[in-house]
Each structure stands twice: as structure tokens, then as C-alpha cells.
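Structural description and commentary
Take a look at the letters that make up each chain.
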Amino acid sequence: MVSNQVTKGLELDPPYDSPGYRSTQLRFPKRPLLVLPEGPTELHGPVFGDLAVGPGDADLTRQHAGEPLGERIVLSGRLLDDRGRPIANQLVEVWQANAAGRYAHAGDQHPAPLDANFTGAGRCISDPDGGYRFVTVKPGAYPWRNHTNAWRPAHIHFSVFGRAFTERLVTQMYFPGDPLLELDPIFRSVSERARGRMVSEFELATTVEEWALGYRFDVVVGGHLATPMIG
Amino acid sequence: MGEADPTPSQTVGPFFDIGLRWLHTPELVGPCVPGAIRIAGQVFDGVGDPIPDAVIEIFQADPDGRFPPDTETGWRGFGRCLSDPDGGFRFVTVKPGSVAAGSAPHVDVSVFARGLLQRLVTRCYFGDEERANAADRVLRTLGDGVAATMVAPAEDGTYRFDIHVQGEKETAFFAW
């Protein structure tokens, strides 16, 4: 047993060794993890506010000649630290399958149609209030070979940067009410009390009348900087 | 659960290329810049097979030991490399300066992959910094064998930093 569940941050994170998710088997570290030294490298992080990210990069429905098929959604939320403070001017990256549950990736052999009008990648820089907003289509569920008749619930991958190296986070955002959630070993790798933090909320205020449904998802990084560390 | 409970980590999955390739930035400096060094290696799984679907990210100080936003224009200290079919990665960078007393030059390293529900975090130290490494407050608390997994030997300007996520040669990883 790797001693990785002793501090605040990792209690909320899934264990590396998660037998239900088969790919972890040869990829989880077996040695005890070392306490991360508190040093300047860990307490700083890259700054991306000057990256050439345009408004078009946040609208996944306008990256090709036509519009992608599927249920158009507006996905917005805030990038926050563990005290609820906004993280402004940082990079948020997303990627996802199309509405049929197929990724625009050569490795995805699921026999669902590709959509010539959908790549499924977006990015933006958080605003002064930590806010971000993407326009996309709701991704489909898709099968994977983890176990018999295994299906991933619909999800959007998120990659975010906080203010410090320790706050780097890659996660997945799910949709409320999805019956596949309780069957998914990746979702269920997270403790029951923390799973809800990965599920977006349907939000009427975010919908655009006659045009798109709205979902809200706040991403909270960190907790780690406040944790006492041993050098 | 309060509003500020951190969002749990999930795996980057197998199809991250779609979303992360655009910022594939293995060259923090041009290869011909004076002082340019290379950090190269492969990522291996528990049976020694290369991991072809990994993302390696580094973060480090500049040669003066400074970090963004206090660095010269353009120095982000960040690099991202998507591993090749042999699990290989290669960064071109400069050796970071000293960031604190008792701290040998080091680069922080994150590894993301399918099968990793959280990133793995380690440090890359430099094999030709024997004296600084011996005094480093992290390395000196570890057994020689464990410390050695984080020290990249130098060969002709390239520092070889293989990452074994599991197994006999398992790299030392950090948590907090």
C-alpha cells in the first residue's frame, strides 16, 4: 500500500493503485511516495496569460467550415484556489469526444461516426474573476475495453494551471444524472464524498435561449500550499 | 463539502493529443543558445515496456534562479513533451540556477498517462553537480539508491533521465 492518502490534497484524489481501472496495474508506483519538499520551484508556476489564445479557441463549434452535430452547450465556471479565490489569467485546456462518442484521434477505433466539423479541443485564459467559458457540443458516451460491456460516461477532459507547480491539475468533468457514473471505475476511483466535485451542474442561467443548454463547473486547485511540508 | 474543496484528479486518458499537442513545447530555449542543455529519457512501465502515451511536463528556474513572473521576458520555465512511440522525450533547456541555500539545481517533472489517475511528480537533478547534490536537503535524506533515480547522468551535453513508474528501477516520486 502506497502511503499516499495522508494529507488533505490526496485524500480527495484517487489512489494510483486502483484495481478496477486496469491500466493502473503496471503504472502505479509501489514504493512509498516521498514528502514533496517545500521549495521555490514548487511554490512558483508557469504563467500563461500572454499566450496567443483567441476567442475562437474557446468555441469548439466554430473551428471548421460547418457546425458540428450534437446538442450545443455552453460550459462555464471559475478557476479557484482552495480558499475560493479566483485564479486569473491562467490557462484552461479542454478536449472531448464528439456527440457520437468518438474522438478525432487515430487511436480511437470505436465504430461511431467522426464529425468533420468537430475536433474537440479548446482552450482559454481565465478572466480577472477566474472565469472561463466554452461553447461546444455534449460529448457522447463510448465503450472501452476495461471490462465486459464497459462504457465511459460522457465527460470533458480539463487541464488547468494554478499559481504554483503543486496546483497543476488534470481532471475530467462529468454530466449530472448520468447512469453510467456509478458503473465507471475511473469516476469511482475517487472517494464517494469527493466524486460530486467532478460533476457539472445544469444551470438555467447559463443557457442561451433558443440556442444552447448551460452547464457550470468550477475547478478548484490546490489545498497543497497550505499543507505543512517536511524538507 | 465546502465550495473550496479541491477538484479531484483524473487520468489524462489515451486521447490527450487532441487537447495538449498544441502546447508541445520541448524547447525552452533554442538548441544553439549558449548554455543550452538537453534532458532526454524514456518512460517505462512496471514490466519495463516503454509508455508511448505519456505527457511529460517540466518546470524550473532560469539560470539566475528566478521564476515567472520575475524573469526576463519570455522565460516561462515550462516545457511539455508528448512521448514518442518508444516512450521517449527530450527537452532543450538551460541549467537552472540555485533557488535556495542547500538546494542543488533541479527541474520539477510531472508525468501524465493513461493509467495514472494522478500525475506523478519527481525532480531531475544533474549528474555533474556532485557537490551540490551531496548537500541537497532532499537528496541527502534519501538512501543512495533512491536518490540516484532522480539524478540524470551527463553524456555530451545531454542529461539522461529515464522514468520508471513502477518496478525494480522505480523512480522516486513525491506527494504532499
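We now turn to the structure provided with this report. Only a predicted model underlies this, so the values are computations on that prediction, with no experimental measurement involved.

Within chain A, the secondary structure is distributed over three helices and 12 strands. Computed over the C-alpha atoms, the radius of gyration of chain A is 18 Å, within 12% of the 17 Å expected from 2.2 N^0.38 for a compact globule of 231 residues. Across its three principal axes, chain A shows a C-alpha extent of roughly 55 × 45 × 30 Å. For chain A, the proportion of its 231 residues judged to be buried stands at 45%. A separation of at least 24 residues holds for 70% of the contacts in chain A among residues at least 6 apart in sequence.

In terms of nonpolar packing, the biggest core is built from 94 residues, with Ile56 and Val111 of chain B touching the most fellow members. If we ignore the near neighbours within four places in the chain, the residues touching Ile56 of chain B are Val43, Cys81, Ser83, Phe89, Val109 and Val111 of chain B.

If a strand is regular, its side chains alternate between the two faces of the sheet. Residues and elements named next belong to chain B. Along strand β3 (residues 78-82), four of the five residues are buried, which leaves the element largely enclosed by surrounding structure. In terms of strand pairing, strand β2 (residues 54-59) meets β3 through five bridges, oriented antiparallel. Within β3, the residue paired with Glu57 across the bridge is Arg80.

This part covers the sheet that holds strand β7 (residues 151-152) of chain B. Strand pairing in a sheet relies on backbone hydrogen bonds. The paired strands run either parallel or antiparallel. Residue and element names in this part refer to chain B. What the five strands build is an open sheet, ordered β3-β2-β5-β6-β7; its pairing is mixed. Since the sheet does not close on itself, it has two edges, and those belong to β3 and β7, each with one partner. Pairing geometry for strand β6 (residues 120-126) and β7, over two bridges, is parallel. Paired with Tyr125 across the strands is Val151, a residue of β7.

With that out of the way, let us pick up the sheet that holds strand β8 (residues 155-160) of chain A. Residues and elements named next belong to chain A. Read from one edge to the other, the open sheet built from four strands follows the order β4-β3-β8-β9, with strand pairing classed as antiparallel. Each edge of the sheet is formed by a strand with only one pairing partner; in this case those strands are β4 (121-125) and β9 (169-174). Across this sheet, the average inter-strand angle for adjacent strands is 20 degrees, counted without regard to direction. Across six bridges, β8 lies against β9 in antiparallel orientation. By the bridge assignment, Ser159 is partnered in β9 with Val170.

What counts, and at which threshold
- Residues numbered from 1 in each chain as written.
- Chains lettered and ligands numbered in written order.
- Predicted model: local features only at pLDDT ≥ 70, side-chain atom pairs only at ≥ 80, totals over all residues.
- Helix = DSSP H or I, 4+ residues; strand = E, 2+ residues; numbered from the N terminus.
- Rg over C-alpha atoms; globule rule 2.2 N^0.38 Å.
- Buried ≥ 20, exposed ≤ 12 C-beta atoms within 10 Å, placed from the backbone.
- Contact = placed C-beta atoms within 7 Å.
- Core = buried A, V, L, I, M, F, W, Y, C linked by C-beta atoms within 7 Å.
- Pairing = 2+ DSSP bridges.
- Axes fitted to C-alpha atoms, helices over the stretch in contact; angles between N-to-C directions.

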